[in-house]
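So you can see what is in the structure, the chains are spelled out below.
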Amino acid sequence: MEKDADPLLSIITVNYNGKDFLPGLFQSLAHLDYPQSKLQIIMVDNASTDGSVDFVQQNYPWVQIVALDKNTGYAGGNNEGFKHARGSYIALINNDCVVDADWARQMLAIFEESSPDAKIGAVGSKVLFYYPYLPLELVSDSISTKGKSQKGRRLGVKVSGLSLSSQNPWVQASIKYLDGFYTPEGDGRWTNGDGYLAVPVARQDQDMNINVTLSSYLEPNRAKILLGEQILKEIDLGKTEQVITLDIPRDYLQYQKDIINSCGVKVNRSFYARERGFNCFDEGQYSRVEEVFALSGSSFMVNRAMLEDVGWFDPYFFTYYEDIDLFWRARLKGWKHFFVPNSIARHFHCGSGQEWSHSFTYYVLRNRMLAIFKCGWFALWARTWLAFSVSMLYHLFFYGGSLALGRRLNRVDIPIRLKLFFKFFYLFIIFIPKRIKVRSAASVKDKQIKEWIRSF
């Protein structure tokens, strides 16, 4: 229902070759519980080559398109959107998201229900991964202690493969290995005793078929696959891999749960950023409006007054940590940021990018250091720079030693670390004016920033 007092909202999404995701996003924005006459929806296109611009022009003529002639990243793209935004409040949403009908109203309410002197700068959604998930618990009777460390590692069951009946590649790519699994190595993942496989549910109206390849270092090893109270399979495993077929009737979809992508962002003493609740089942543990240090750049609403006070994204950051830089600058000038649990966005996550690819690794390593130099206290920057330098030398010697032993490691980060080590000498110099500007304008002491540091 339209209200006379409803303010004009501007919604910006930055797109780069994301045509496959745009129908979901724009269809969800078209069904917002907010008057369309009070919405300005902007797509900034970063020189896509997949026909995104023509597609949106033909199918969503109510979307204002800002077509750029080069890729300016998340930071530059949203800055272009800010130039065209007319709303008092501006929402940013990733192109690989869909939103609930009250997504915007829930965030807007925090601004409108607060006093004018509350200085609320930004409000963020609860961001869930796109699909709901079936939590398959893998339980084994026998555990092996094996490994190079003194205490060894606990090895339960090895998962060498998992495939679903769905032909959608995004469904297959969305499979998650949660609590109880070691990081992948070689041709599979080992459980540390018991582990949870999270299987995405793409369709609510049909049965599911899952094939999982299992083996065990110890044999025989009696293993069970559980879904809630149901035992789906019980089998004796050994060193020979077995393909286990799980036929899951649609009635069992009652056990599905959402998995959290972000409920705001926290930082540790080294200013690594981590999404609150990341890869945890949504059990209602984040059900209150809470002040947070920063917000996920995938879905939040910002007060125009904050942008006018602290500036826009730093375009040099291009992508990653540009949001931490913005929210940190805002906090230094007294602005506050809140997480709103009832504003829901669903996110494919890395729909237009690949985690730990060359570009991902480069921008994360570079931009974290630059954000600390630009916004942080001197001791924080000095400690971080020393840690980066020592780490770079350690990884370089480790890599060289492995080559000498005839082992070539797949370490995309090592040449990036070496390149950045030398490049930082130049970058720190050109960032000195930015540091002076940010630090001299601060009205909040670093002591208050340090109160937001968490252990992880």
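This report concerns the structure included in the present document. (Residues numbered from 1 in each chain as written. Predicted model: local features only at pLDDT ≥ 70, side-chain atom pairs only at ≥ 80, totals over all residues. Heavy atoms only, no water.)

1. Regarding the overall build of the protein chain
Here's step 1: When helices and strands are tallied, the protein chain shows 12 helices and 23 strands.
Here's step 2: Referenced to the eigenvectors of the C-alpha coordinate spread, the extents of the protein chain come out at roughly 65 × 55 × 40 Å.
Here's step 3: In the protein chain, which comprises 456 residues, the share counted as buried stands at 51%.
Here's step 4: Counted over contacts in the protein chain with a minimum sequence separation of 6, partners at least 24 positions apart contribute 75%.
Here's step 5: Only carbon and sulfur atoms are counted for the fraction: they give 51% of the accessible area of the protein chain, which is about 21,500 Å².
Here's step 6: When the 53 basic and 47 acidic side-chain charges of the protein chain are each reduced to a single mean position, those positions are 10 Å apart. (Helix = DSSP H or I, 4+ residues; strand = E, 2+ residues; numbered from the N terminus. Buried < 20%, exposed > 50% of the residue type's maximum accessible area, 1.4 Å probe, protein only. Contact = heavy atoms within 4.5 Å. Areas by Shrake-Rupley, 256 points an atom, 1.4 Å probe, with all protein chains shown as cover. Lys, Arg positive; Asp, Glu negative; His and termini not counted. Charge placed at Lys NZ, Arg CZ, Asp CG, Glu CD.)

2. Here's the deal with the pairing of strand β3 (residues 64-67)
Here's step 1: Examined bridge by bridge, strand β2 (residues 39-45) and β3 share four bridges and lie parallel to one another. Counted as the bridge partner of Ile 42 is Gln 64 from β3.
Here's step 2: Of the crossover connections in this fold, the one passing from β2 over helix α2 (residues 52-59) to the parallel β3 is right-handed. (Pairing = 2+ DSSP bridges. Right-handed = clockwise from strand over helix to strand, strands pointing away.)

3. Quick look at the pattern of salt bridges
Here's step 1: Within the structure shown, the criterion is met by 21 salt bridges.
Here's step 2: One salt bridge in this structure joins Lys 374 and Asp 314, with 2.8 Å as the shortest N-O distance. Remark: Asp 314 occurs in the loop between α6 (304-310) and α7 (322-332) and Lys 374 occurs in helix α8 (residues 358-375); sequence separation between them is 60 residues.
Here's step 3: Exposure remark for Asp 314: the relative accessible area of 5% places this residue in the buried category.
Here's step 4: Between Arg 329 and Asp 325 there is a salt bridge whose closest N-O contact spans 3.1 Å. Of this pair, Arg 329 and Asp 325 both sit in helix α7, four residues apart, roughly one helical turn. (Salt bridge = Lys/Arg side-chain N within 4 Å of Asp/Glu carboxyl O.)

4. Quick look at the packing of aromatic side chains
Here's step 1: Tallied over the full model, the rule gives 40 aromatic pairs.
Here's step 2: Summarising the aromatic geometry, the rings of Phe 373 and Phe 428 are spaced 4.9 Å apart at their centres and angled 35° between planes, so their arrangement reads as tilted. Highlighted residues: Phe 373 in helix α8 and Phe 428 in helix α10 (residues 413-430), separated in sequence by 55 residues. Both residues of the pair, Phe 373 and Phe 428, belong to the buried class.
Here's step 3: Here a set of aromatic residues connected by ring pairs shows up, and it is made of Phe 373, Phe 378, Trp 381, Trp 385, Phe 388, Phe 421, Phe 422, Phe 424, Phe 425 and Phe 428.
Here's step 4: If you follow Arg 435 out to its NZ or CZ, it ends over the ring of Phe 373, 5.8 Å from the centre.
Here's step 5: In this arrangement the basic side chain of Lys 450 is found over the ring face of Trp 377, its NZ or CZ atom lying 4.9 Å from the centre. (Phe/Tyr/Trp six-rings, centres within 6.5 Å; stacked < 30°, edge-to-face > 60°. Lys NZ or Arg CZ within 6 Å of the ring centre and 35° of its normal.)

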